[in-house]
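Structure assessment
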2 protein chains.
Amino acid sequence: MKYNIITISREYGSGGNAIGKMLAEKLNIPIYNSEIIDKVAEESGFAKDYVKEKGEFTSGGHLSALFKSNYYYRSSNEDIIWAIQTKIIKELAEKGPCIIVGRCADYIFEDRDDVLSVFITADMEARIERIVNIYGKEEPPEKIIKDRDKHRASYYQYYTDMKWGESKNYDISLSSSALGFEKCADILYQICTEE
Amino acid sequence: MKYNIITISREYGSGGNAIGKMLAEKLNIPIYNSEIIDKVAEESGFAKDYVKEKGEFTSGGHLSALFKSNYYYRSSNEDIIWAIQTKIIKELAEKGPCIIVGRCADYIFEDRDDVLSVFITADMEARIERIVNIYGKEEPPEKIIKDRDKHRASYYQYYTDMKWGESKNYDISLSSSALGFEKCADILYQICTEE
């Protein structure tokens, strides 16, 4: 395979994880998402839900940045989780070809040329339908989506200094609502397998 | 074919037009880029170079917006060119399946579901190499690229109220430097022709 690592960033409710799973099955390689949370929780001692929240969403970044800039330097919990998470993602990637969902993996491996970085988007209508069907959320779904995206974008920008969701930061961006999940997985499979 | 119109937006020097030409050849359909300029020049009476400049790049948008908001309303030349250009793009699309490069065509046809909207990006190194090879520009090429992108982005945002180059605004975004021109054209061809 041309790529040893496929990173998938995704808007909340776009089906990026589901497309990743389809691709993992086609390529017969592992996909890491919740496994990363488990390992970070184990190694850091933080609760899984806390790691899940802080390992992709941050609002405390600015405060942490303030601390970093003066002699009262002290790592925030987010920074500790970021460091452990990055280490674990690199260790997982050393095991062999794999797909990594979220967590700025595209940035972590940006210097490697055997990495395909993918972004999955979808229109708001499709995302609302998806999260209501899967999670049956009670809050207005559009509010949840916007809130999650905002925090993912903020997290990404804080740790990578790049803009989340900008085409230029990825090798390929696909709209799952325009193209369909199957088609997205097919396109990625072809890119990965063709010479 | 599933799509009657393929719109290609592109960063300056990314090869979006070249990829469009490859795709047009594969699909045996016309591609419109400089033809739009010719027609707008003919219809508006403005010189071709002026139309080329004002039909994708604008810096006077904010002033024009000010005029729009009060009773001193008067169309700027950019607005006149925008109106004529939009009409001509719609007329060209009525002739049959085609590819349209730039000029916010994705926005012009956003309500149609037979349109595939594409964005082509590339890393700075590849873009510099390309514009130096093709145009042999004397100015520092990175400055030209950043300037062109900035004006395209400003033009796009002014007329569409969306952000140029954001993955969410396109069905598919491809990096021509990561994937190669041929591969980009192949992926688009497959999306257009497969059921």
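What this report covers is the structure whose coordinates are included nearby. Predicted, not measured: the structure shown is a model, and the values here were computed from it.

When you go through chain A residue by residue, the secondary structure sums to ten helices and five strands. Within chain A, contacts between residues separated by at least 24 positions form 74% of all contacts whose residues are at least 6 apart in sequence. Per element, the accessible surface of chain A, about 9,600 Å² overall, is 48% carbon and sulfur.

For the rest of this paragraph, the subject is the relation of the copies chain A and chain B. Two copies of one chain are present, and they are related through a rotation about an axis combined with an axial shift. Here chain A sits on chain B after a turn of 180 degrees about the axis and a move of 0.0 Å along it, with an RMSD of 0.0 Å. Here the copies are linked by what is in effect a two-fold axis. Most of the interface of chain A is mirrored in chain B, where 100% of its interface residues are also at the interface.

Residue and element names in this part refer to chain A. Scanning all chains against the criterion turns up 17 aromatic pairs over all chains. Centroid distance Phe46 to Tyr50: 5.2 Å. Interplanar angle 45 degrees. Geometry classified as tilted. Since its relative accessible area comes to 29%, Tyr50 is described here as partly exposed. A network of ring pairs unites the aromatic residues Trp82, Tyr155, Tyr158 and Tyr159 as a single cluster.

What follows concerns the sheet that holds strand 5 (residues 172-175) of chain A. Strand order in the open sheet formed by ten strands is 2(A)-3(A)-1(A)-4(A)-5(A)-5(B)-4(B)-1(B)-3(B)-2(B), and the pairing between neighbours is mixed. Edge positions in the open sheet fall to strand 2 (31-32) of chain A together with strand 2 (31-32) of chain B, since each of these has one partner strand only. Across three bridges, the pairing between strand 5 of chain A and strand 5 (residues 172-175) of chain B is antiparallel. Of the residues in strand 5 of chain B, the one forming a bridge with Leu174(A) is Ile172(B). Along the sheet, helix 1 (residues 16-27) of chain B makes contact with strand 1 (5-10), strand 2, strand 3 (98-101) and strand 4 (115-121) of chain B, crossing strand 1 of chain B at roughly 160 degrees.

Tallying the contact residues gives 23 residues for chain A and 23 residues for chain B. For Lys183(B), the salt bridge is made with Glu194(A), and the minimal N-O distance between the two is 2.3 Å. Our enumeration of links across chain A and chain B arrives at nine residue pairs in polar contact (both at pLDDT 80 or more). Of all elements in the fold, only strand 4 (115-121), strand 5, helix 9 (176-179) and helix 10 (181-193) of chain A reach the threshold of two or more residues within the side of chain A that touches chain B.

Cut-offs used in this document
- Residues numbered from 1 in each chain as written.
- Chains lettered and ligands numbered in written order.
- Predicted model: local features only at pLDDT ≥ 70, side-chain atom pairs only at ≥ 80, totals over all residues.
- Heavy atoms only, no water.
- Helix = DSSP H or I, 4+ residues; strand = E, 2+ residues; numbered from the N terminus.
- Contact = heavy atoms within 4.5 Å.
- Areas by Shrake-Rupley, 256 points an atom, 1.4 Å probe, with all protein chains shown as cover.
- Least-squares fit on C-alpha atoms with pLDDT ≥ 70 in both.
- Phe/Tyr/Trp six-rings, centres within 6.5 Å; stacked < 30°, edge-to-face > 60°.
- Buried < 20%, exposed > 50% of the residue type's maximum accessible area, 1.4 Å probe, protein only.
- Pairing = 2+ DSSP bridges.
- Axes fitted to C-alpha atoms, helices over the stretch in contact; angles between N-to-C directions.
- Salt bridge = Lys/Arg side-chain N within 4 Å of Asp/Glu carboxyl O.
- Polar contact = N/O pair within 3.5 Å; in protein donor to acceptor, adjacent residues only side chain to side chain.

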